[in-house]
Amino acid sequence: MIIILFGPPGAGKGTVGTLLSKDLNIPLISTGDILRENVKKGTELGRRAESFMKSGALVPDKIIIRMIKEEILRLEGGFILDGVPRTINQTKILDTVVNNPYQVVYLDAEDDFLINRLSNRRICRDCGRIYHLINIPPKKEGVCDRCGGSLYQRDDDKEEVIRNRLTLFHLKTRPIFDYYQKKNILKTVDASLPLPEIINLIKKNKSDSHKR
Ligand code: AMP
């Protein structure tokens, strides 16, 4: 089974992808996570991607496709994609790499909701747990409830960078919606719903598509 999770920054693709991956027992390929890991380790890929990421720009298509192609071919039958495709060009190239049928889930949300969510997001440096300063604040400021690690804000979660990312999303990524809608494989889910409901809707879609 192949699921492509797609939507604006802050819609919750990472969180939904992680839960779905555990629930359905299929691996998650997150381009953002792979890139951040490479930046952290200071690899050649990380050095090339870092400045794009810091400013909220898109990393060039060629780098992204090269980075995930092998993994996609290796996992052929089942995986969840989070964060890719992000341009029509990536979408078309993916179609030449992915040989099996797939479903696309669009996590939909308004810009104001996304700005609020991203600008208040803090992440634990040690265990990766995600907080929201207003909705899910840590008990002690700057400290993870679960492991005691320190909380940080992603460089690209600063408000001016978020606005850049959203502008790019509307310009470059949103057109992918029409591409998948024409193929009749797109399901839109309201990203502001509670997480368990989002997961259920996606899973329901999966079983419905088996019945078709
Ligand atoms: P994310 O964690 O998905 O929000 O990704 C963080 C950053 O990584 C993005 O703002 C981009 O700079 C870069 N990135 C991740 N995936 C892609 C992609 N498919 N195409 C281009 N840039 C990407």
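- Per an unreviewed UniProt entry, the protein chain goes by the name Adenylate kinase and belongs to bacterium.
- Here the protein chain is described in UniProt, under the heading Function (unreviewed entry), as follows: "Catalyzes the reversible transfer of the terminal phosphate group between ATP and AMP. Plays an important role in cellular energy homeostasis and in adenine nucleotide metabolism."
- Of the comments in the UniProt record for the protein chain, the one headed Subunit (unreviewed entry) reads "Monomer."

### Describing the UniProt feature "binding site: Zn(2+)" (unreviewed entry) in the protein chain
Then, in step 1: UniProt's entry tags Cys124, Cys127, Cys144 and Cys147 with the feature "binding site: Zn(2+)" (unreviewed entry), counted in the numbering of this structure. These residues run over 24 residues, yet every pair of their C-alpha atoms falls within 8.5 Å of each other.
Then, in step 2: Structurally, Cys124 is set in strand S5 (residues 121–124).
Then, in step 3: Its relative accessible area of 2% is what places Cys124 among the buried residues.
Then, in step 4: Here Cys124 is in contact with Arg129, Cys144, Cys147, Gly149, Ser150, Leu151 and Tyr152, once residues within four sequence places are set aside.
Then, in step 5: One can find Cys147 in the loop between strand S6 (130–132) and strand S7 (151–152).
Then, in step 6: Beyond its immediate chain neighbours, meaning those up to four positions away, Cys147 contacts Cys124, Asp126 and Cys127.

### Brief notes about the nonpolar core
Then, in step 1: Of all hydrophobic cores here, the largest spans 28 residues; its most connected members are Ile4, Phe6, Ile72, Phe79 and Leu81.
Then, in step 2: Once you skip the residues sitting within four places of it in the chain, Phe6 turns out to touch Lys13, Pro85, Val104, Val105, Tyr106, Leu107, Thr173, Arg174, Ile176, Phe177 and Leu186.
Then, in step 3: Core analysis: the next-biggest nonpolar cluster, separate from the first, contains 21 residues, Ile3, Ala11, Leu107 and Ala191 among them.

### Structural notes on the UniProt feature "domain: Adenylate kinase active site lid" (unreviewed entry) in the protein chain
Then, in step 1: Following the UniProt record, one finds the feature "domain: Adenylate kinase active site lid" (unreviewed entry) at residues 121–156.
Then, in step 2: For residues 121–156, the end-to-end C-alpha separation is 11 Å, with 0% helix and 25% strand making up the annotated structure.

### A few points about unusual backbone geometry
Residues apart from glycine generally show negative phi values, whereas peptide bonds are mostly found in trans.
Then, in step 1: The peptide bond linking Val84 to Pro85 adopts the cis configuration, its omega dihedral lying at 10 degrees.
Then, in step 2: Assignment of secondary structure puts Pro85 in the loop between strand S3 (79–82) and helix H5 (88–97).
Then, in step 3: We note that Asn25 has phi near 60 degrees; this positive angle belongs to a residue other than glycine.
Then, in step 4: On the secondary structure map, Asn25 appears in the loop between helix H1 (13–24) and strand S2 (28–30).
Then, in step 5: Phi is positive for Asn184, which is not a glycine, with a value near 65 degrees.
Then, in step 6: Tracing the chain through its elements places Asn184 in the loop between helix H8 (175–182) and strand S8 (186–190).

Conventions we followed
Residues numbered from 1 in each chain as written. Predicted model: local features only at pLDDT ≥ 70, side-chain atom pairs only at ≥ 80, totals over all residues. Heavy atoms only, no water. UniProt positions renumbered as here; feature names shortened; annotations may be inferred. Helix = DSSP H or I, 4+ residues; strand = E, 2+ residues; numbered from the N terminus. Buried < 20%, exposed > 50% of the residue type's maximum accessible area, 1.4 Å probe, protein only. Contact = heavy atoms within 4.5 Å. Core = buried A, V, L, I, M, F, W, Y, C linked by side-chain atoms within 4.5 Å.

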